[in-house]
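# Examining the three-dimensional arrangement
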Amino acid sequence: MSSKNVVPIVFSFDDNLVMQAGVCMTSLLHHAKPETFYDIFILHDSEAKFPSSGILEKLFLQFSEFSIQYVNVGSDFRDAFQIRGITQATYYRLLIPDLIPQYDKIMYHDVDVIFRDDLSSIYFDTDLTGYYVAGVSTPYSDIEQYFNEKIQTTSSKYIAAGDIIFNSKAIRDDNLVAKFRELAKLNWKYQDMDVINMACKGKIKYLSPGFCVVGTTSEILKDRDQKYYTQEDVEYALKYGIIHYNGPKPWNTWCLNFDIWWEYYRKSVYFDPEYYYSFYNNKLDEYDRLPLIKRIKILLRYFKTMK
């Protein structure tokens, strides 16, 4: 491993998302360059069963240049504010600089994500000197008023917390985790995202859209006349960008880029033909039961997105 480019990366999830995490990691490892080694850390609580189940270790049947280490976070953030059905595990990423002190810079990604490129370049090329965190913001948002009033910022300066790079050394040096903990006790609409954006305000580095392609980003990328991103950024994001399913999940329903998630599901060791065909049969039945006008609207919306 000494000759490899080691990229440390953290995930956090519970027993309900183990298969999805496996598909996410499949996409990550599928695109790894020969010289890249992923040092993977998985944060979990004391009740999680998957660390001893061997489910994620099945990835070694397909890939070799990676490691998996489980980190038990225990009952941290049990007093944190919880909303929208999201559990305290959402906050675990805030502890990463302290939980994994062997790295001064480290990536975090949610598992409702599909990777389409190697991450070593962005990891090593992102200079975080003078910054606490790096991530992707959007030029506009339908919750702009919330950003203005609650966070005292704008959507163009508010990063999504599902795909970020921490400057762990700076966070440790400035004891920022203590600030994370205090902010997490307050009532936030978007939990950890709000906490990160509040605590790191003024020391956030903004990355190109390909590092986190969400719905708003996709809307902009398909517009040939958009003025927010360079053509180079657009082409990269469309072909290689990290797809983050931050809304509806592709394993539950139709959604933007759902077919890409299923592509990697089929490539993974977690592929179950019965599960796969059951999903599509059920969704086709749902579609067939819709009124004609509704089906036409869905098709029009799909082809508009594909332009």
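Residues numbered from 1 in each chain as written. Predicted model: local features only at pLDDT ≥ 70, side-chain atom pairs only at ≥ 80, totals over all residues. Heavy atoms only, no water.

### What about the layout of surface pockets?
For the second largest pocket, the calculated volume is near 200 Å³. Lining the second largest pocket are 14 residues; nearest its centre among them are Asp 117, Asp 118, Ile 122, Phe 211 and Tyr 236. Sorting the residues of the lining of the second largest pocket by element identifies helix H3 (120–125) and helix H9 (231–240) as the ones contributing at least two each. Of the residues in the lining of the second largest pocket, the class split is 6 nonpolar, 4 polar and 4 charged. (1 Å grid on protein atoms, 1.4 Å probe; cavity = no way out; pocket = protein on both sides within 12 Å on 5 of 7 lines; lining within 4 Å. Points joined across faces, edges and corners; volume = space filled by probe spheres on them. Helix = DSSP H or I, 4+ residues; strand = E, 2+ residues; numbered from the N terminus. Nonpolar A, V, L, I, M, F, W, Y, C, P; charged D, E, K, R; others polar.)

### Some details on unusual backbone geometry
A positive phi angle is found at Gln 152, which is not glycine, with a value near 55 degrees. Within the element layout of this structure, Gln 152 appears in the loop between helix H4 (144–151) and strand S7 (163–167). Under the relative-accessibility criterion, Gln 152 is labelled partly exposed at 48%. Even without being glycine, Asn 175 reaches a positive phi, approximately 55 degrees. Structurally, the position occupied by Asn 175 is in the loop between helix H5 (168–173) and helix H6 (176–183). (Buried < 20%, exposed > 50% of the residue type's maximum accessible area, 1.4 Å probe, protein only.)

### Things to note about the packing of H6 against helix H7 (residues 191–199)
A pair of packed helices can be characterised by two numbers: the angle between their axes and the separation between those axes. Closest axis-to-axis distance for the H6/H7 pair is 10 Å, and the angle between their directions is 135 degrees. By the angle between their axes, H6 is oblique relative to H7. H6 and H7 meet at a crossing whose hand is right-handed. Residues Leu 176, Lys 179, Phe 180 and Leu 183 of H6 form the contact with H7, whose own contacting residues are Val 195, Ile 196, Met 198 and Ala 199. (Axes fitted to C-alpha atoms, helices over the stretch in contact; angles between N-to-C directions. Parallel < 35°, antiparallel > 145°, perpendicular 65-115°, else oblique. Left-handed = near helix turned anticlockwise from the far one by under 90°. Contact = heavy atoms within 4.5 Å.)

### Observations concerning H6
Turning to H6, its buried residues are Leu 176, Val 177, Phe 180 and Leu 183. Down the axis of H6, the sector holding all buried residues measures 120 degrees, keeping them to one side. In the core, the buried residues of H6 are packed alongside helix H2 (96–99), H5 and H7. (Arc of directions from axis to C-beta.)

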